[in-house]
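Overview (structure and organization)
For reference, the chains in residue letters:
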Amino acid sequence: EAGVAQSPRYKIIEKRQSVAFWCNPISGHATLYWYQQILGQGPKLLIQFQNNGVVDDSQLPKDRFSAERLKGVDSTLKIQPAKLEDSAVYLCASSLDPGANTGELFFGEGSRLTVL
Amino acid sequence: AQSVTQLDSHVSVSEGTPVLLRCNYSSSYSPSLFWYVQHPNKGLQLLLKYTSAATLVKGINGFEAEFKKSETSFHLTKPSAHMSDAAEYFCVVTGGNTGFQKLVFGTGTRLLVSP
């Protein structure tokens, strides 16, 4: 079974530039999550989709971050303009359980962003 | 609101010796608790989960954890460490009275295993 695919794996940009990350979840998983993991910290949820609808985006900095999941399958996370503090690994995950009650999320390998 | 505190940022053990990674939780509701492992340049993987069934939970690769409500703890243990256990471990809590529940991660414990 194919896992969660993310690209690019690494990205280096200068502050005020824009960047986009792509995620393709496991086939059949209705729920998709984007997490931000800053060095030395645990992952923090940015946004959660159920099919193509947003369930939770309370911690998404909406002035610069946006995410979409138009057809309820793959998703794109965009940052524009980037700040130095956005340097982090962006993790995509998917799950069968929309309520995350079982806690079983399947994670991709992440996209590491460095903002100079 | 839910939260977890991982008491050690780094734990060093020798191969073949026991592993103990400590986690305390805080939750207004009956929590579900999990341990995830992250190997270098790999995605996070679920090790084990507690969801109000048996308080002693067994996971993959010989790991287990015990839910202790009186101590609000969910420590991860393994009788004998292997070199391949070297990784970052995250304690995670979820719980609430709404349909969509959020996983809250701890700050992680890096396990170092020496020969």
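The structure presented is a predicted model; accordingly, all values stated were derived computationally and were not measured.

So, how was this worked out
Residues numbered from 1 in each chain as written. Chains lettered and ligands numbered in written order. Predicted model: local features only at pLDDT ≥ 70, side-chain atom pairs only at ≥ 80, totals over all residues. Heavy atoms only, no water. Core = buried A, V, L, I, M, F, W, Y, C linked by side-chain atoms within 4.5 Å. Buried < 20%, exposed > 50% of the residue type's maximum accessible area, 1.4 Å probe, protein only. Helix = DSSP H or I, 4+ residues; strand = E, 2+ residues; numbered from the N terminus. Contact = heavy atoms within 4.5 Å. Pairing = 2+ DSSP bridges. Phe/Tyr/Trp six-rings, centres within 6.5 Å; stacked < 30°, edge-to-face > 60°.

Let's shift gears to the nonpolar core. In terms of nonpolar packing, the biggest core is built from 26 residues, with Trp35, Leu48, Leu76 and Tyr89 of chain B touching the most fellow members. The element contributing the most residues to this core is strand S10 (residues 87–94) of chain B, with four residues. With residues near it in sequence (within four places) discarded, Leu76 of chain B still touches Val19, Leu20, Leu21, Trp35, Leu47, Leu48, Phe63, Glu64, Ala65 and Tyr89 of chain B. With 21 residues, the next largest nonpolar core counts Cys23, Ile26, Ile47 and Cys92 of chain A among its residues.

Taken residue by residue, a regular strand's side chains alternate between the two faces of the sheet. Residue and element names in this part refer to chain B. Buried residues dominate S10, accounting for eight of its eight residues. Going residue by residue along S10, you find Ala87, Tyr89, Cys91 and Val93 tucked away on one face and Glu88, Phe90, Val92 and Thr94 tucked away on the opposite face as well. Of the pairings in the sheet, the one linking strand S5 (residues 32–38) to S10 comprises seven bridges and is antiparallel in character. Its bridge partner being in S10, Ser32 is matched across the sheet by Thr94. Pairing geometry for S10 and strand S12 (residues 109–114), over three bridges, is antiparallel. Bridged to Tyr89 within S12 is Thr109. Here S10 runs beside strand S11 (residues 104–105); their pairing, made up of two bridges, is antiparallel. When the bridges of S11 are listed, Val92 appears paired with Phe105.

Moving on to the packing of aromatic side chains. Within the structure shown, the criterion is met by 13 aromatic pairs over all chains. Aromatic pair Tyr35 of chain A and Phe107 of chain A: ring centres 5.8 Å apart, planes at 50 degrees, arrangement tilted. With Tyr35 of chain A in strand S4 (residues 31–37) and Phe107 of chain A in strand S10 (residues 106–107), this pair connects stretches of sequence that are 72 residues apart. For Tyr35 of chain A, a relative accessible area of 1% corresponds to the buried category. Ring geometry for Tyr50 of chain B against Phe74 of chain B: centres 6.4 Å apart, planes inclined by 50 degrees, an arrangement best described as tilted.

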